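Remarks on the overall topology
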Amino acid sequence: MFEGGLSSTAVMPTEIFHSAGHLWNLLMEEPARPRFRVRTVSVDGRPVRTPYGFAMLPECGIGDVDQCDIVIVPTSGLDLDLKLVENSAILPWLRRLHAQGAYVVGVCMGAAYLAAAGLLDGRIATTHWAACPDLAARFPEVIWRPELFVTEDQRLLCSGGVGAAIDISLYLVAKFCGHEVAVQTAKALLLPMPRLMQSGYAVLPVSKAHDDPQIRAVEAYLLEHFREDVSTELLAERAALGERTFVRRFKAATGRLPAAYLQSLRIEAAKVMLEHESRAVGLISEAVGYSDLGFFRTLFKRTTGMTPGQYRAQFGPISVRGHAPPSLHLALPEPLARC
């Protein structure tokens, strides 16, 4: 537990691991079979307080833990420059426990401590999608996968987002205790089973910031014409560049090839329509430029981790007691409007 950290990223794993083999059994009037022994620690063993004044009392400090099987590192706060210095004593501790065979887990921005300890170099990891650009710049040796909720690489696990504390905890229950115990734990606590993708939750700019005026002009054109069949040759002509030079410049400026960029625009537009409109998925597919519904469904799921129907169920208009919300018309999300 960290001073100034988000309590849910520490408390939720604690409750899930305590419940595994215990709460479901009690509800079913069966003998309890706890599967984990859980200890809560702070850096120095002292109580910690969240940004909103909620105090937490750990059992001990990291110096009192010589060995364990799983270490959960929660989110410590948004000011990483301060927090990484303030909690620097945890870094050699994490390295030592991992070397002894422990699974080390970074919840949300807790992944920064695993990276700062050097444990994630050359490894796949994830974090909250909004924090990933900063962590990728700080720790370029890490293979960041912000579209994933949970990653595992050589006993190093990470989760994306505060709520993903649930996902990674249930994932570990399933890993150590089996799928049945994980399902029972989830049912007892009324939790969903682990999600794998967080890309459906992200509001990411289609392109990175750059200062290439010719490519910016092409981006503006694509924003207006993404529903149409736009060839690379046409875009190169608009940029007054040869096709090979244009593709090279476009990739260097935006981080994507033109076709991938166009697909991203279309998927972002489809996400907005699914969030705010009730029209059929087939009509949305056509509206963003895909006449082949099957291809659109496949591309949408590969991009977001959900089918269009699942995305609408998660983020679409909410109907309460049969009353639908007023219809909204939004062309594109704001990040696209700034492209």
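Bear in mind that the values here come from a model prediction, so they are computed numbers and not experimental data.

On to the pattern of salt bridges. When charged atoms on two side chains of opposite charge get close, those side chains can pair. For the structure shown, the criterion picks out ten salt bridges. The salt bridge involving Arg-138 is made with Asp-81; its shortest N-O contact spans 3.0 Å. Of the two residues, Arg-138 is situated in helix H6 (residues 132-138) and Asp-81 in helix H3 (residues 80-86); the sequence distance between them amounts to 57 residues. Overall, Asp-81 belongs to the exposed group, its relative accessible area being 53%.

Below, the discussion takes up the nonpolar core. Residues Trp-93, Leu-94, Leu-120, Trp-144 and Val-173 are the most contacted members of the largest nonpolar core, which totals 59 residues. Broken down by element, this core gets its largest block of residues, eight residues, from helix H7 (residues 164-177). Among the nonpolar cores identified, the runner-up in size contains 32 residues, and Leu-235, Phe-250, Ala-253 and Tyr-261 belong to it.

Quick look at the sheet that holds strand E9 (residues 150-153) now. The sheet built from four strands is open, its strands ordered E5-E6-E10-E9 with mixed pairing. Only two strands of the sheet have a single partner each, and these edge strands are strand E5 (70-73) and E9. Taking the axes of each pair of neighbouring strands and ignoring which way they run, one obtains an average angle of 15 degrees across the sheet. Against the sheet, H7 touches E5, strand E6 (103-107), E9 and strand E10 (156-159), its axis set at about 145 degrees to E10.

Next up on the list: helix H11 (residues 243-254). With twelve residues, H11 extends 16 Å from end C-alpha to end C-alpha; this agrees with the ideal 16 Å at 1.5 Å per step. Within H11, burial applies to Phe-246, Phe-250, Ala-253 and Thr-254. Seen from one end, H11 has its buried residues packed into an arc of 75 degrees, which puts them on one side. Counted as exposed and oriented over 90 degrees from the buried face of H11: Arg-244, Arg-248 and Ala-252. Buried residues along H11 sit in contact with helix H9 (213-225), helix H10 (232-238) and helix H12 (258-276). Where H11 ends, the next residue or the one after it, Gly-255, has phi of about 85 degrees, a positive value.

Conventions and cut-offs
- Residues numbered from 1 in each chain as written.
- Predicted model: local features only at pLDDT ≥ 70, side-chain atom pairs only at ≥ 80, totals over all residues.
- Heavy atoms only, no water.
- Salt bridge = Lys/Arg side-chain N within 4 Å of Asp/Glu carboxyl O.
- Helix = DSSP H or I, 4+ residues; strand = E, 2+ residues; numbered from the N terminus.
- Buried < 20%, exposed > 50% of the residue type's maximum accessible area, 1.4 Å probe, protein only.
- Core = buried A, V, L, I, M, F, W, Y, C linked by side-chain atoms within 4.5 Å.
- Pairing = 2+ DSSP bridges.
- Axes fitted to C-alpha atoms, helices over the stretch in contact; angles between N-to-C directions.
- Contact = heavy atoms within 4.5 Å.
- Expected span 1.5 Å × (residues − 1).
- Arc of directions from axis to C-beta.

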